[in-house]
Structure formats: structure tokens, C-alpha cells
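Each chain, letter by letter, is given below.
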Amino acid sequence: MAHQPPERRDPNDLDAWILGSGIGSLTAAVHLIQEANVPPSRIHILEALEFAGGGTATCGDPVNGYHYRAGATPIFIDAWMERLLSLVPSKVDPKKTVLDMMETNRSKPPAEKLHTRFLARKASGVERINTKDIRLGLRDHMDLLRLGFKSEGSLGRSRINDYFHKTFFQSDYWLLLATTYVSLTNGFTRDYTDDNRFGFQPWHSLAEFRRYTQHFRNGTHGLDRACQLDVGRYNAHESVIAPLADFLLSRGVDFRFRTTVTDIIFEPSHQQVSTICAVPENEPATTIKVRQQDVVIVSVGSVISGATTGTNESPPSLELMECDKNLDDNWLLWLELSSKDSKFGNPYNFCTRVGESRQESFTVTLKNNTQFFERFVQLTGDEPGTGTFVTLKHSSWLLTLSLPQQPMFPDQPVDVQVFWGYAAFPEKEGDYVKKPMLECSGEEIMTEILHHLQFPTEGILPGSITIPCVMPRKSAPLLRRDGPDRPLVVPDGMRNMAMIGHFVEIPNEVPVSMDYCVRGAQMAINHLMGLG
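Just so it is clear, the model here is predicted, and its values are computed rather than measured.

Visitor: How would you sum up a nonpolar patch on the surface? Please name residues and give values.
Guide: Taken together, the side chains of Leu138, Met142 and Leu145 make up a nonpolar region of the molecular surface, amounting to roughly 300 Å² of accessible area. Relative to the elements of secondary structure, Met142 occurs in helix α4 (residues 138-149).

Laid out in C-alpha cells, this is it:
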């Protein structure tokens, strides 16, 4: 059913109800204020956690070790994100926008040199590999070209390995694509140093892979360089999420924290929301009446739902990794909506297949010891923050490391350094620590890293704290799916409700980044408010 362009709504005669406070929800609120002119007091954000953007908030401290949760979601500055950040005044200098400040905080232009992308284990030691040395065989290259000419609908639920020959998955080209996120912006291929992992696996959706390769059709050039504009002064949460939340709070947006939305009631035609059912913490359940002129924005699904964290001495809880454990309110609400009408999508396709979507990340805090960073710079030839990810090619866990510009966190002391990384195959046995990464403590993960790099454990390990985190649904947006499994941003016939997040359908776009959530929110506000 085609959407008829709605009439422009009167911003002074409506209430906007936004369910969730992730990047998409915060984006929707910013555009409601800055472009639709809705009074901030009439924007209501309902959030189960006690703070905004909680899914990416950093945990820990320099004493007990940091846990960098924002690494779960890639971020890059594309036209949609630029549009958003250009609307938000900087907290440091109100005369400038957040985008202006990110430009100002660039320490220097990215160096025009080849950076290390892989480290390979050789008889002579550890050897570095850059993207210039990566090639693809003729057969695999032709298969890749032919994929671009196929329609997405014709690919159906095919896996990537249903299409490509096994030699494709043995190539460094595949390894590069599986461990790097790329965006095509204004004709240029760009890669980013912070939060950019994609996590493709051979069993993931061929249709999603096709979308990715269409963004990547200019080749591998540029995949070993970082764009510091896209990093900001600190990490992604502090550079993007926190400024949005601070702006909305300062303007008087009605944040209702510790409030869980349990259901949405529709009129019989399923075209109009009439009631929101919510449960504030330690209070009786309540109902919120939604008028015809009001708008409702629903954030569905979550890539960090069910994430479980270990310590330097203990692994994450295996029990909490089961598919029916720790589904957050975004999933539970989506499951409820899908039972009412198929136009709201099929969350079961994405939330129950944790064996196909699981990844493990880790954050390493180094105190009073610069030896790891110094040795890594010497090994790769790249200063922290100037290169992109470095993958340990022969690691059975397929470990990938990111050494960002320091400090990563506003409270990080000068004698503390932090890096983070992830593993594509945490269920496999380690090469030096002889058990699956899922069963390893943080110290055991750091031990494995040091052995692969051939760094001494004695001078580094005692001064390190490694926090492991397993995310059962990290790559769930890449799972095989049928067309209706992802709902449209504005489901067919809906007059006052839109859906946002990684699991809505935006044709031809890649769903795993923050930018995708930003774009969905902008589409939702443009349609519901009649902005064109």
C-alpha cells in the first residue's frame, strides 16, 4: 500500500511519544524540535533504563577497568548524521554545533600512507599486511560482479556461502570485508577507526552482503585509513550520544526513565494508535491515551540485548546467552506488536538465532604501563587512532584490535591507556589458551592476544584489566530473512506511528550502523509531521 503524503501537523497541538532513548529515538526528538518546531515539553521519551542512550553508555573506571559498550554499534559520519549533528549546539561552545566541534577536534589530517590491516604469523615472526597486497581470484571477482546485477528479491533467504565458491572465503579480500565497515559518501569510499566492525559470516544473508558490496564497489583503496572526523574527541557515546541527550534535557524534553512500555493498543483498523501501556518502576501500570493528532515513534529490537559481561578473573555467564534469556523491552514490545498484525514484521527471525549472530568483544585497560602501545606501534607502524582495525589473521578466534586515539574517556587519567577489540569465532578453542573464548576470563583473553603478537606477558599482563562481553544478537540485522520480516519505517496504512532501529526496512541501505538508525528516524519524522 502506497503512503499518501500526510498534511503538515500543527506542532503546538500534538504530543510526541517516543519509546526508547537510543540514537534513533534521540534523533527523532532533535528533528521534532529543530525542524518540526514541536515544543520540547510536548516530546515524551519513555525509557526502561535510568539514563538516555543507555545501550552505548560506558561502564567502569580506570581502577576496575573500562567496558566500552558503544563498540557494539558502528558509527560513521554520512550525510544523515551530518544533518543531525549540524542541528545540535555544542555544550562547550553554544555558537558552534556538535559537527563543528568534531571538525575542530581533529588533531591532524589523516596521513596519506598505507596502514597495517592484518598481522600474519610467519616463521620469521609477525608480519604486517596492508590493503595494497590484497587480491581476489578471477572466478571470485566475476562472481562478485555478477552479484551486483542480481535483484535483491531474487536472492531470497540465500546464504553468502550458497553463492560463492569456498576459495572466496579463503581470501584476504573476504577477511577484509568481514572485519571492516565501509560507507560510500559523495562518491568516496571511507573507513573509520572507531566502532566500524561489520561482522559478516558465511551463513549470513546474501541479500545484505549484496547491499554492502554496492556501497563498496570502488574497491579496497582507503580501507586501511581512519577518518578522525568520525571519531570525535572521545569515544562514540561521548562524541555523539551524550551531546544529543544533553541538548534534549537542557531544552526540557520530558524524559520518563525507569518506565517500561508493555503494549500498544490500536484502533480496530490497525491504522491509528489509541493507547500506550506502560509500567513505571515501583508504580502501578498506567495507560497513556494517544489522540489522532499525536505521533508515536517505536524503537524495535536491539543488537545489544542479552549482552553479558565477565571480569578479568571470570568469563561472561553462559546461561544468560540462551536465546530466551534477557530479551529487553524493545524486543518484547516488538514481539507483542507482531502478534497483532504481520505488517509490524517478524522479530522471531532475528532474536532467536543467537548461534548465528553472536560475537564477543573486550575492553583492555592498561595502568602505568605503556609497553603494549609502544610495541604495537612499532609492530604496525601506525600511531593510535591513525589506522583502522588490525586483525590477527591466524587467530582461531579471529581477533581484531582497535587502538584509538587516547584518551577514550573523559575521566581517563594520563597514565592509563585503553584499547578494545572483538572476536568473530568466540566458540572456537584458542591457539594458546586451550578453551573457547566464551569460557575465558579477561586475563586469559589478554594472554591469547599477547602470545599472538609475540609480546612478553610478564611486563604487560599484570598491569592490564580485560573486560569481556558476549553479545548474542550483535549481527542479527545480517541474518537471512524474508521481505516482510523487517517492517517499513511507516507500516502500511499507519497514520500516527512509525518504527525505527536496526530492524526496520530502508531499501538499499546497510542496517548495522548508527547512521541507519538516524536515517530511519529522519524518515519517520518527515512523514508523520508532513515535512516532505
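Visitor: So what's going on with the sheet that holds strand β13 (residues 295-299)? Residues and values would help.
Guide: Judged by pairing direction, the sheet is parallel, and its five strands sit side by side in the order β9-β2-β1-β13-β20 without closing on themselves. Every interior strand has two partners, whereas the edge strands, β9 (254-256) and β20 (497-500), have only one. Strand-to-strand twist in this sheet, taken as the mean axis angle between neighbours without regard to direction, amounts to 15°. Two elements, β13 and β20, share four bridges in a ladder whose sense is parallel. Across the sheet, residue Ile297 finds its bridge partner in β20, namely Ala498. Along the sheet, helix α1 (residues 23-34) makes contact with β1 (16-19), β2 (43-46), β9, β13 and β20, crossing β1 at roughly 165°.

Visitor: Can you explain the pattern of salt bridges? Please cite residues and give values.
Guide: For the structure shown, the criterion picks out 22 salt bridges. Residue Glu208 is joined to Arg481 by a salt bridge in which the shortest nitrogen-to-oxygen separation is 2.8 Å. Of this pair, Glu208 sits in helix α8 (residues 206-215) while Arg481 sits in the loop between β19 (464-471) and β20, and the two are 273 residues apart along the sequence. By relative accessible area, which is 0% here, Glu208 ends up buried. The partner of Asp254 in a salt bridge is Arg256, with the nearest N and O atoms 2.7 Å apart. Overlapping salt bridges bring together Glu152, Glu208, Arg211, Arg481, Arg486 and Glu505 as one network.

Each value, and the rule that gives it
Residues numbered from 1 in each chain as written. Predicted model: local features only at pLDDT ≥ 70, side-chain atom pairs only at ≥ 80, totals over all residues. Heavy atoms only, no water. Patch = residues over 30% accessible without salt bridge, like charges linked within 9 Å, V, L, I, M, F, W, Y side chains within 5 Å. Areas by Shrake-Rupley, 256 points an atom, 1.4 Å probe, with all protein chains shown as cover. Salt bridge = Lys/Arg side-chain N within 4 Å of Asp/Glu carboxyl O. Helix = DSSP H or I, 4+ residues; strand = E, 2+ residues; numbered from the N terminus. Pairing = 2+ DSSP bridges. Axes fitted to C-alpha atoms, helices over the stretch in contact; angles between N-to-C directions. Contact = heavy atoms within 4.5 Å. Buried < 20%, exposed > 50% of the residue type's maximum accessible area, 1.4 Å probe, protein only.

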